[in-house]
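Working through the structure, step by step
Here is how the chains run, residue by residue.
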Amino acid sequence: PIDGRFEELQGFRSETDGSDTLVYVQPPNTRKSEGTWTLLIRFDAEASDDLDSRAASRNTLDDTETEKNRQPQTRESEQSAPSTSPEAIPENQTQQAWVPYSGPDHLPVVHFEGPQLQLDIRPTMGPGLALGDVDQDGFVDLYFVQGGGREAGHAPANRLFRNQFGSEQGGFAEWEASGSEDTGLGMGALFLDAEGDGDLDLYVANYGADVLFEHANENDRGSAPKPIFRDVSAGAGVGGNEWSAGIAAADTDLDGDLDLYVTSYLDFDLSKLPPVEERDRYRREDPIEMLPFAFPGQGNRFLRNESGSNTAKQTANASAAKSPVEQAARPTSLRFRDVTAELGLADAAGRGMQAVFWDFDRDGDPDLYVANDVSYNMLWRNEGDGTFRDVSFAAGMDDPRGGMGVSIGDVDADGDEDLFLTNWELEANALYRNNLLSHNSNRSRVATFQDVIISSGLGPYGVGSTSWGAELFDADNDGDLDLAIANGYTSPDYQSTSICVGQPNQFFFNNGRGRFELAPRSQSPDGQSPSRALLSWDFDRDGDLDLALTNNNAQLQIFENRLPQTAGQHWLGLHLRGRGANTMAVGAEVSLEANGLLQRRSLRAGTSYLGGNAPELHFGLGAAKGPVRISVRWPSGRVSEHKLDTVDRLIQIEEPE
């Protein structure tokens, strides 16, 4: 069993199925008359490289059914790891569920880290991507970050793609000469309304100087050919020379505008490697330049937004401009100040991957979590006055493993948001259950966390895969949060391609109370590329969430959601419109009740791994057709109540005065 105890098997047998050999065991304390067997391992003569995932499966079989159709069936009472075998899923659910987008344009964009061999860690970590409705036509656009990976690398330019599913053309089209074609050595990206004028600006994190693009064209609503972005990094106080990685934004001081937190990975300086006489203890299959723990960490940056009253003046100037060229030439009023040292948020010993702002204690201000690779993860509680307190140890979140990606959501439907963390290959991922609220009591507690990765059913599946991006999202619209994970190794194939080795991605169904079951490969966003960033979005506005996935030195992938479980299920999409400079209400908490089921989601900016999520929320409603009741707790502290009689649509809710 998963709990680490060993028990003597009641029985053991093997049989053949075509070219395959199947080995079954009978669990202990089972009467032989029950005829209950468990598939321990399946040897596939034609796919021996698939043995690891098949060996992990534990499908309980009924002996009599096996003789009839040789199709293993899962017992509902089985408490071991969820089945990984497609045979355990009913026949009508084995159709391909995540279909690679194959429109006429099919987004043929490939991440490229240059012609050099990948013999150090720098070219193995990206790329990221960002999602957002740049032209405000109601359809989410995509920004793809390119690599380069080294100082001498020649990185292709980042690319912005317009979503045209709301027009006759359909598909995606590249926005050429948009002004956002950064050629830095890219990592993460994030769309945000930095100056509060209602448009999405763009922050790009690089190995080297970061870039802030201001959305300068105020006349591109829907029908205009393209937006115009301009680099305002120098004037806005953005740049630096660190190895930046993930980006997160929130109104941390509750002054009405969005502040930024940018993680830095490590200080890749060969002169700072351990002395030669100490390197024996670092020796691995990979060269020492590939090992993150051989390099010191690098401090993160907290950038406070001090654009302030300049916003109104800037907006007026923009409106007065007669042409896009005049708009692009005007001076920026965006101003950020680095207050990292003042707030004590550098985490200089950490090797920062992804940060998220997240009101874990539901006190109305955004707290900060940072996933660190081979160093302690950090959780800072916002004290409500613009300062932060390190509560990593007290809350049980100071995990020192190889943290990569983060996703936040209420997986057990108890009213508080939990945290899923991806880790490196030889370590299980983590699912931190928030103990603030509980199904067993109406009393609110001090927020602490417990890693429930084993009892959730997710435990075995993180070991053996290097996991990166992760998304908690309602894939089947049944009202609970499912889970997708992007996997891919960091080491290259030294014998052939010299690029990173791919691993299968994973998708899990949630049973509604925080226990997950691994879907078969026919229902997973499969692929053998070394995946990195992963984000959910409804790109075709058909009411279910699709997936966008980046791959290291491989093609960007868009997966369309065709899960058969979504048939007949209802849904609701939300855009929030805040007052003040936080126009998209980042940090708002939405509670939705339908048919007696309460769901709670909060809107963040920055998530997964190197990912910039679209600023919108999606709720699966199951069989509920309406009415639904919605309560919005706005970042300003206001609370508004709403009732909808019809669903299956995307709506906008505006913050009241």
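In this text, all values refer to a predicted model and were calculated from it rather than measured experimentally. (Residues numbered from 1 in each chain as written. Predicted model: local features only at pLDDT ≥ 70, side-chain atom pairs only at ≥ 80, totals over all residues. Heavy atoms only, no water.)

1. A closer look at the pairing of strand E40 (residues 639-644)
- As defined by bridge partners, strand E39 (residues 628-633) adjoins E40 across six bridges and the pair is classed as antiparallel. Counted as the bridge partner of valine 632 is serine 640 from E40.
- Hairpin connection, E39 to E40: the antiparallel pair is bridged by five residues, and glycine 637 has positive phi, about 100 degrees. (Pairing = 2+ DSSP bridges. Helix = DSSP H or I, 4+ residues; strand = E, 2+ residues; numbered from the N terminus.)

2. Let's talk about the sheet that holds strand E6 (residues 129-132)
- Overall, mixed pairing links the five strands, which are arranged E9-E8-E7-E6-E37 in an open sheet. Only two strands of the sheet have a single neighbouring strand rather than two, namely strand E9 (172-174) and strand E37 (611-612).
- Pairing between strand E8 (residues 159-163) and E9: three bridges, direction antiparallel. Opposite phenylalanine 161, over in E9, you have glutamate 174 as the bridge partner.

3. Section: the pattern of salt bridges
- This structure, assessed with the given rule, holds 24 salt bridges.
- Arginine 337 is the salt-bridge partner of glutamate 342, the closest N and O atoms lying 3.7 Å from each other.
- Arginine 337 sits in the partly exposed class, given a relative accessible area of 36%.
- Notably, a salt bridge pairs glutamate 589 with arginine 362, separated by 2.7 Å at the nearest N-O pair. Note that glutamate 589 is positioned in strand E35 (residues 589-594) and arginine 362 in the loop between strand E18 (352-358) and strand E19 (367-372), a separation of 227 residues in sequence.
- Since its relative accessible area comes to 8%, glutamate 589 is described here as buried.
- Given the relative accessible area of 28%, arginine 362 is considered partly exposed.
- Taken together, the shared-partner salt bridges connect Asp253, Arg304, Glu306, Arg337 and Glu342 into one network. (Salt bridge = Lys/Arg side-chain N within 4 Å of Asp/Glu carboxyl O. Buried < 20%, exposed > 50% of the residue type's maximum accessible area, 1.4 Å probe, protein only.)

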